[in-house]
Structures are given as C-alpha cells and as structure tokens.
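Structural overview
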Amino acid sequence: MTNPTSATLSIESMTCASCVGRVDRTLRSLEGVDDVAVNLASETARVSIDTPERLREIAGTLDEAGYPARRASVTLNVASMTCASCVGRVDKALAAVSGVLDVNVNLASETATISYLEGATDAAALATAATQAGYPAEIAEADASLDRAARKEEEAREIARRTILAASLALPVFLLEMGAHLVPGMHEWIGRTIGHQTSWLIQFALTTAVLLGPGRFFYLKGFPALLKGAPDMNSLVAVGTGAAYVYSVVATFLPAVLPASVRAVYFEAAAVIVVLILVGRYLEARAKGRTGAAIQKLLGLQARTARVLRDGKTIELAIEELRVGDIVQVRPGERIAVDGEVTDGESHVDESMITGEPVPVAKAPGEAVTGGTVNGVGSIQFRATRVGADTTLAQIIRMVEEAQGAKLPIQGLVDRITLWFVPAVMGVAVFTVLVWLFLGPDPALTFALVAGVSVLIIACPCAMGLATPTSIMVGTGRAAEMGVLFRKGDALQQLTSVGVVALDKTGTVTQGRPELTDVILTDGFQRTAVLAQVAAVEKKSEHPIAQAIVRAARVERADDVKASGFQSVTGYGVKADVNGVEVLVGADRFMLREGIDPGTIAEVEIDLAKRGRTALYAAIGGKIAAVIGVSDPVKASSREAIEALHRQGLKVAMITGDKQQTADAIAAETGIDHVVAGVLPDGKVEALDRLRADGQKVAFVGDGINDAPALAHADVGIAIGTGTDVAIESADVVLMSGDLRGVVNAFEVSTRTMRNIRQNLFWAFSYNTALIPVAAGVLYPAFGLLLSPVLAAGAMALSSVFVLTNALRLRRVAPLLDENETPGREAVQAAPAPAE
C-alpha cells in the first residue's frame, strides 16, 4: 500500500463558511483523499492523499465545483540536455513532482515551462527535481532571453576551446594510425623509427588526454544515466568510445589476452569521435543562439532609461523604476520608454514596429503612445499608463516566447518514440556484437567491436529532439518580425489544416470608421430636427455607426439636443426620450419588434443596401421619420488579401449583422465566397458551426468585443491587433496591424514552418532508420562494406547540423503580401462599402 502524503492547496472564490463546507464536502467525496482541513482565513485546503497523481483529480473536481485551486507557472533554464531522450527524462522527472499539472520541455531553448498547483510545490522544488535527475536547473529570470543568448554564446566559445584542444591531441593519433593504412610505406617507416609499440603508447597517452580532458563530459553524464537505467545520447557516446578505448588498452598493455589476429588498437576512433561530436555541439550551440534572433530584436527595442518629472525636478531613471502615473519627457529622435498618454507637446511617432505602417503617426495631447516606438522631430510629455510587464512591447515579447516554447501535437509522437529509442539502440548494439561474434568471419571480435561502436555512435537521437523546437523558434520569431504573433503555439500547426477563413466585417474587411451618406425623410419631418434627435440618442452609444451619425450632426450644427432614458437592445438598435418624445434608431427588425410598420419607405432601405450602404430606420413618436444610410469603406488591401487566400487554396466567408443585400455588395467587391448575413453578435458561434458542417476547420478573423466568443470558438482565432484587448485575449493569433494581409502572412509562415518540421523529422528518422542497419553491417555480406565508427560520428554530427541549418532557413521567409506596400490602384479606388 502506498504511504499517504499531505498537500496544501490555495483555493479561490471562498468567501464564507458555506464555501468552506462545500469545498470540504467536495474533497471528502473523492477516493484516496483523507484528513481534509479547509481554512477560510488563509484560503487553503490541506489534504492527505494516497498518491501524488491524485492532485490532478482534485484540481479538476475543484474547478467543476466553482472553487478552483490556484495555478502558477515557472520557466526553468535546464542544462546538460543534449538529445530528445534527455527531454523525455526531464519531462518525466518534473511530471513526477506532486502538484505538477503540465510540463513543456524545449531542447532548442534549453528550458522547461511547468504549470503547477500553488501550495503543493514551488519553483525551487521543481528546479531541484530536474537537477537530481542529472540536468541542473535554475529559475529563469525576467530577462531569460538575454541570459539564454549570452549563455549560448559562452557555451559556443567554451566548446570551441575544448574542440581545438581535442583536435590538437587527436591529430597525431589519427596520423599515426590511419596514416599507416593510407600512406604507402608509412607503416614500415614507423616500425623502423619509433616502433609500433611506441606508436601505440603515444596514441594511448594522447587519447587518454582527449577522453579525460575535452571529452570527460560524455562520461560524467553518460555512465550515471546508464546506471540509473535511463541512458541518453551521452551514454551512447560513452559506451561506444569507452569500448574502443578499453579494447585498445588491452591490446597495448595485455596483448597476450587477445589472439594475434585481432590484436589492434582503435585509439584514433575514440579520439576522433569525441572531436567530431564536439564540432557538432559547437555548431549546434551557434545555431541555437541564432534561433532566438527575433526575441533579441524585440528586446533591443526596449528603452533602458527615461527622463521623469518627480517633485518638480527632471531625473533620469532606469526603465524598471518607472511607475504608472509618472510624467515622462521625450526628446526628438528618442525611443519612447513605456505605454502612455500624451499630456503636452506635439510630434510624429514611428510606430512601424507595432503596426507595420511606415508613415509616422501624429501625436497630440490625449493621444496614446507605445513603448519601443520612436519619437520624431517634436518634443512631448506623456503620462505612463502601462509599465514593466504590462507594456505592449513586453506582452509581445511574452507572446513570442510562449509560442517559441510551445509543444505542437506532432512533437508528442516524437517524444514518445525517442523516450525508448536510446535503450532500443543499446539493445541493437548488443545484438549486433553477438551476431558478429558467433556468425561473423575472422577476425570476428574486431568486426563485432567496430559494428557495435558504429551502431551506438550513429544512433544518437540529437536530430530528432531538435527537429521540431528549432523550427518553431525560428518560424514564430520570423512571424513576429512580420507582425504576426502566435499567442498559442499549437495554432502554428492548426492553421495548416484550416479550409475556411471566416471574416468579421467592420474593422476587419472594412475600415471600421463609417460615415453618414444618406438621410431620406418621410413626409412631415425636417432633416436638421431628425438628425439632431437621432444624434442625441446615438451619443450614448459607442458603436462606430453611432459615432458616424454624431460626427455628421456636429458638422451640420445639429448636436445640441439632450436625450434621457437611453436603452440599447443588442443586435437590434437603441432608443431614448428626446424632449419627451421616444426616438428609436435601428434595423428593420427593431422596428418590427416595436410594432412600427416601415411602410413604402422600406423600398428605400432595400435600395440603399443594394448600393452597399448600411441602412437604419429612425422612428420618432412611433412613426418612421427617416432612413439613414451609412457607408464604411472597404480597406484598400482587403481584395488583394482575399485573392491571396484563394491562391493558398482557402475559401473565404464573411459573417455580419448587416442585411443580405449589403453583405452581398461587399462580397462581390472583395471576392468573398460565402456570406452569412443578419447574424446577431451571439449568433457568430452558430455561424461558425454551420461553416464546419462539411468537416472543414475554420479560422475566424475579428477585432471587436462581440467577436471574442467566435474567436475562442473557432479552430483558430485570429485577432486584428488594432482591436480590443478582449478580442486579442480570446485569439490564438494576433495581427499587429489592422490589415488582412497579415492573415495571408500567418498562413504562409504556418505552412512553411510545418513543411520545415516535416523535412527535419523525415531527415532525422530516415537517417537513423537507414544508417543503423548499415552501421550494424548488413551491407558487408554483399558488398564488403562496414561503416567506420569515425564516419558514424561524422554522420551523426552532420545530422544535427543539417536539422538546425534547415530550421534557420525560416529566417529568410518573406511576407507573401508586404503590409508596408501600397495596394494596387484597383484596390485604392474601390467603392465604399457599408458598416456593420
């Protein structure tokens, strides 16, 4: 029977004794849970559990009960991971810690991100668990990306020094042994001069120096892992080179133990294998450092200091010391330190790093500024509204880092294979040795040693472990440089299976700033009076159409009327009392809902819709007073983007609350395939389900608060970055600009990255699948070919370098549609389209 263990959890949402009772009853109802003690003051629950795994069940049950256990997450820097098997061991060690909910280990960035239950464990305990498993870990700091880059540079320099030393020692060994085989007469020359025994002694001394010096890492890590029953890449290298070394030592110092026919040394194999693997490690370290180039660029956009007004004085502070509410001074040409609102001065700010738009944006008092952007020729002061981790730039960096550390579904298969791959290879190596010993020709022992060592060396699964994470890091980093942020890493894979792209209309296909175009009056009403009363009602609304009507009334000096009793009926319209008269503004369905018959003017509304206008009715005192037409121009790039999506093999749909005629006008203008019109805000989710009816996956693109449910419900939610925070938080992908061309680029990056991953995995698995039998000697009976351990080491190192180099090609992915270019004349001259 398992000994019970105790755990303390932090519980949310407990506000009274009744809550305590519910939590207590919920916990006591679970099998394997005893000694429950719930404390309202400390908001904790202490339990005794039969197994650590029981905590996951407890967490799920508390969630369902409405009293979730608090979660926390931490990122660890993990050292000594060299292959996919290492990733599996670290994952297993961390997952075994009581209270851990999710583990994501990334070989390319050498990090582990862990989600755990607060109180059940902590970051220090997790770091200790990884360290005890043989992989030293420490908690990553806020500037972990900078630390990682510096660490990889230092690691590359250290490996370079070890490689140079190892190569210097191994070169004479290689020349003495292989030169005698390759250069005619050299074997006899060595015999006449220093003698073959002396040559072996020199090789022994130099090889020993290589293995105990630059190569000792393989043995310090490999043999302990082997003894623990969890062999990794280092174990393969240690066993392979150790076998060649020990055999050669016996041949050198105890020659009588071996038959004369197999008395030979393989010091050069042991030494050169270490050199080649170190060369591969050096190239890996260099390449890994470059995979985070996008993060480095983003970090370079951060200002280091800022001039702040404090107590009437201007002082220079480190950016970490800024507080919300500080007044910050910005001189011409300086980088803006944090997000804020201009309080004094005027200037133009280059916001291309955020929006992708090359034209500087005018800034005046009341305008928002973003940290990391560059001020133009004017001087401004602004009030800090977001500092530290809350700034837009910090959130962008965090999104990119999370996406780079994500584990795609395809990686799960790789992890399951590689976890047992190394033990399987060691079994194959033992089997290979036995076959050669019992069935091989003379000298059988020599053939067995060469084949066994070759199998161990060539099968190191480094390339398997690097295949996916390196492509993710480079791909998502390049996407960020193009203004496409993958908030959730698995969206990178999901996008490639999407068949339909559904677009919201207002602010996505259209500019989102409608203007009043028509006011058609019924008998007995005057334009100025109607416009004034309608504007009085619409002043209370934040809808873009309402703002367009208010702007038009202001221009016509008809905005001095007050309204009271304002009501908004979602999806229908608004109403209020103006000078004691009820005024309603909304769609035809709103009029019918209120029992008001549009009469013959309904034909005018239909005509406006056909001409691409959003048409609204205004009813005053229970009678239709006017039909109001509003137009929202289609974005200049929308048609170009939709054509590009078609070229990528995607269907494009539009979901809108507008009438069918209005939506059809926009669809005809932009080339949209399918229209879902007349949809209320809460109906967009149902519309997505209808688009999924034929089994296709759907991506939804939107920017408004009312788009958040659809963004979350879609297979992939893509938020226009100029939209609301709610929409962005609900999305899987965020476009930093308000341009549909970013959607095209998101699909392009996704396609190229997944293709790159498949290339890497094909190479890694094919390499091992094809070359392990060759190393074992299957070609020897037919062709007399037996792979040298030295060549095996070179092939293994080149395999990892190939995967990394292939992944780095993603840094050259160009935007399919450049958002900095002005769309063609046809798009610019497109006729205006309506608002939603």
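Rules used in this analysis
- Residues numbered from 1 in each chain as written.
- Predicted model: local features only at pLDDT ≥ 70, side-chain atom pairs only at ≥ 80, totals over all residues.
- Heavy atoms only, no water.
- Pairing = 2+ DSSP bridges.
- Helix = DSSP H or I, 4+ residues; strand = E, 2+ residues; numbered from the N terminus.
- Phe/Tyr/Trp six-rings, centres within 6.5 Å; stacked < 30°, edge-to-face > 60°.
- Buried < 20%, exposed > 50% of the residue type's maximum accessible area, 1.4 Å probe, protein only.
- Lys NZ or Arg CZ within 6 Å of the ring centre and 35° of its normal.
- Arc of directions from axis to C-beta.
- Core = buried A, V, L, I, M, F, W, Y, C linked by side-chain atoms within 4.5 Å.
- Contact = heavy atoms within 4.5 Å.
- Patch = residues over 30% accessible without salt bridge, like charges linked within 9 Å, V, L, I, M, F, W, Y side chains within 5 Å.
- Areas by Shrake-Rupley, 256 points an atom, 1.4 Å probe, with all protein chains shown as cover.
- Salt bridge = Lys/Arg side-chain N within 4 Å of Asp/Glu carboxyl O.
- Lys, Arg positive; Asp, Glu negative; His and termini not counted.
- Charge placed at Lys NZ, Arg CZ, Asp CG, Glu CD.
- UniProt positions renumbered as here; feature names shortened; annotations may be inferred.

**So, the pairing of strand β11 (residues 339-344)**
Bridging between β11 and strand β16 (residues 380-386) involves five bridges; their strand directions are antiparallel. Residue pairing across strands places Val 342 opposite Phe 382, the latter belonging to β16. In the sheet, β11 pairs with strand β14 (residues 368-369) via two bridges, with the strands oriented antiparallel. Residue pairing across strands places Glu 341 opposite Ala 368, the latter belonging to β14.

**Regarding the packing of aromatic side chains**
Within the structure shown, the criterion is met by ten aromatic pairs. Seen from their ring centres, Tyr 245 and Phe 267 are 6.0 Å apart, and the 65 degrees between their planes marks the pair as edge-to-face. With a gap of 22 residues between them, Tyr 245 in helix α9 (residues 233-253) and Phe 267 in helix α10 (residues 267-291) connect regions that are remote in the sequence. Comparing Tyr 245 with Phe 267 shows no difference in burial state: the two are buried. Seen from their ring centres, Trp 763 and Phe 802 are 4.6 Å apart, and the 35 degrees between their planes marks the pair as tilted. Placement of Trp 763 in helix α28 (residues 741-776) and of Phe 802 in helix α30 (residues 789-808) is noted, with a sequence separation of 39 residues between them. Residue class for Trp 763 comes out partly exposed when judged on its relative accessible area of 33%. The structure contains a cluster of three or more aromatic residues connected by ring pairs, namely Phe 204, Tyr 245, Phe 253 and Phe 267. Cation over ring: Arg 593 sits above Tyr 572, and NZ or CZ is 5.3 Å from the ring centre.

**Focus on helix α23 (residues 638-647)**
For α23, every residue scored as buried is listed here: Ser 638, Ala 641, Ile 642, Ala 644 and Leu 645. Projected down its long axis, α23 shows its buried positions confined to an angular sector of 160 degrees, all on one face. One or two positions beyond α23, positive phi appears at Gly 649, with a value near 85 degrees.

**A short note on the sheet that holds strand β12 (residues 347-350)**
With respect to topology, three strands assemble into an open sheet ordered β13-β12-β15, the strand pairing being antiparallel. Strand pairing shows two members of the sheet lacking a second neighbour, β13 (361-363) and β15 (374-375), which therefore form its edges. Inspection of the sheet shows β12 paired to β15 by two bridges, in the antiparallel sense. Residue Val 349 lies in a different strand from β15, and its bridge partner there is Asn 375.

**Re the nonpolar core**
In globular proteins that are soluble, nonpolar side chains generally tend to be buried together. Leu 94, Ile 718 and Phe 747 are the most contacted members of the largest nonpolar core, which has 126 residues in total. Ranked by the residues each element gives to this core, the list is headed by α28, at 13 residues. Among residues more than four places away in sequence, those in contact with Ile 718 are Leu 495, Ala 699, Phe 700, Val 701, Gly 702, Leu 711, Ala 731, Val 733, Leu 735, Val 743 and Phe 747.

**Let's talk about a positive patch on the surface**
Side chains of Arg 755, Arg 758, Arg 809 and Arg 812 sit close together on the surface and give a patch of like positive charge. Note on placement: Arg 812 falls in the loop between α30 and α31 (825-828).

**Things to note about the UniProt feature "transmembrane region" (unreviewed entry) in the protein**
Following the UniProt record, one finds the feature "transmembrane region" (unreviewed entry) at residues 159-180, 200-220, 236-258, 264-283, 417-439, 445-468, 761-780 and 786-808. For the annotated span residues 264-283, helix accounts for 85% and strand for 0% of the residues, and the straight-line distance between the end C-alpha atoms is 33 Å. Regarding residues 786-808, the helix share stands at 87% and the strand share at 0%, and the terminal C-alpha atoms are separated by 34 Å.

**Quick notes on the sheet that holds strand β8 (residues 305-310)**
Strand order in the open sheet formed by six strands is β9-β8-β10-β16-β11-β14, and the pairing between neighbours is antiparallel. Single-partner strands in this sheet number two, and they are β9 (313-318) and β14.

**Describing unusual backbone geometry**
Of note in this structure, Asp 35 is not a glycine but carries a positive phi near 50 degrees. Tracing the chain through its elements places Asp 35 in strand β2 (residues 33-39).

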